[in-house]
Amino acid sequence: QVQLVESGGGLVQPGGSLGLSCVASGSILSISAMRWYRQAPGKERELVAQITSRGSMYYADSVKGRFTISRDNAKNTVYLQMNSLKPEDTAVYYCNADVQTTNSRGFFYNYWGQGTQVTVSS
């Protein structure tokens, strides 16, 4: 019922920048928190950043000062601007959102995007 479609992944050099986008579509009534997770090979999936519907933000310590999360509520879109990228940022990045739908009876359900590969390499 809800789809999260990501874009913007790719290969970038250390110190470079990359911007990710995620658009939610479907029978959406409202979206609470939107998040970016990432998972590197052999590592556990970690929360990178979160933004609430009112704009409150959270960042993992590893990305503070380098990444910026933002959203456009009218477009059901969340962004992740990644600057000063490091090889350690290499991972599959996943969009995640808590969504209330037409038939969810007031409940918010959690949805995931398909993931997009970000590779930081010289």
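Whatever comes next refers back to the structure up there.
The following paragraphs examine the structure supplied in this document. From a predicted model like this one, the values you see are computed outputs, not experimental measurements.

Reading the values: rules and limits
- Residues numbered from 1 in each chain as written.
- Predicted model: local features only at pLDDT ≥ 70, side-chain atom pairs only at ≥ 80, totals over all residues.
- Heavy atoms only, no water.
- Salt bridge = Lys/Arg side-chain N within 4 Å of Asp/Glu carboxyl O.
- Helix = DSSP H or I, 4+ residues; strand = E, 2+ residues; numbered from the N terminus.
- Buried < 20%, exposed > 50% of the residue type's maximum accessible area, 1.4 Å probe, protein only.
- Pairing = 2+ DSSP bridges.
- Axes fitted to C-alpha atoms, helices over the stretch in contact; angles between N-to-C directions.

Some remarks on the pattern of salt bridges
- Following the criterion strictly, the structure yields five salt bridges and no others.
- Among the salt bridges present, the one from R35 reaches D98, with a minimum N-O distance of 2.7 Å. Of the two residues, R35 is situated in strand β4 (residues 28-39) and D98 in strand β9 (residues 91-101); the sequence distance between them amounts to 63 residues.
- A salt bridge links K64 to D61, with the nearest nitrogen and oxygen atoms 3.2 Å apart.

A look at unusual backbone geometry
- Within the chain, N76 stands out as a residue other than glycine whose phi angle is a positive 50 degrees.
- Tracing the backbone shows N76 in the loop between β7 (67-72) and β8 (77-82).
- Residue class for N76 comes out partly exposed when judged on its relative accessible area of 22%.

With respect to the sheet that holds strand β3 (residues 18-26)
- Pairing is antiparallel across the open sheet formed by four strands, whose spatial order is β1-β3-β8-β7. Every interior strand has two partners, whereas the edge strands, β1 (2-7) and β7, have only one. On average, each strand axis in the sheet is tilted by 15 degrees relative to the strand beside it, whichever way the strands run.
- Judged from the six bridges that link them, β1 and β3 form a sheet pairing that is antiparallel.

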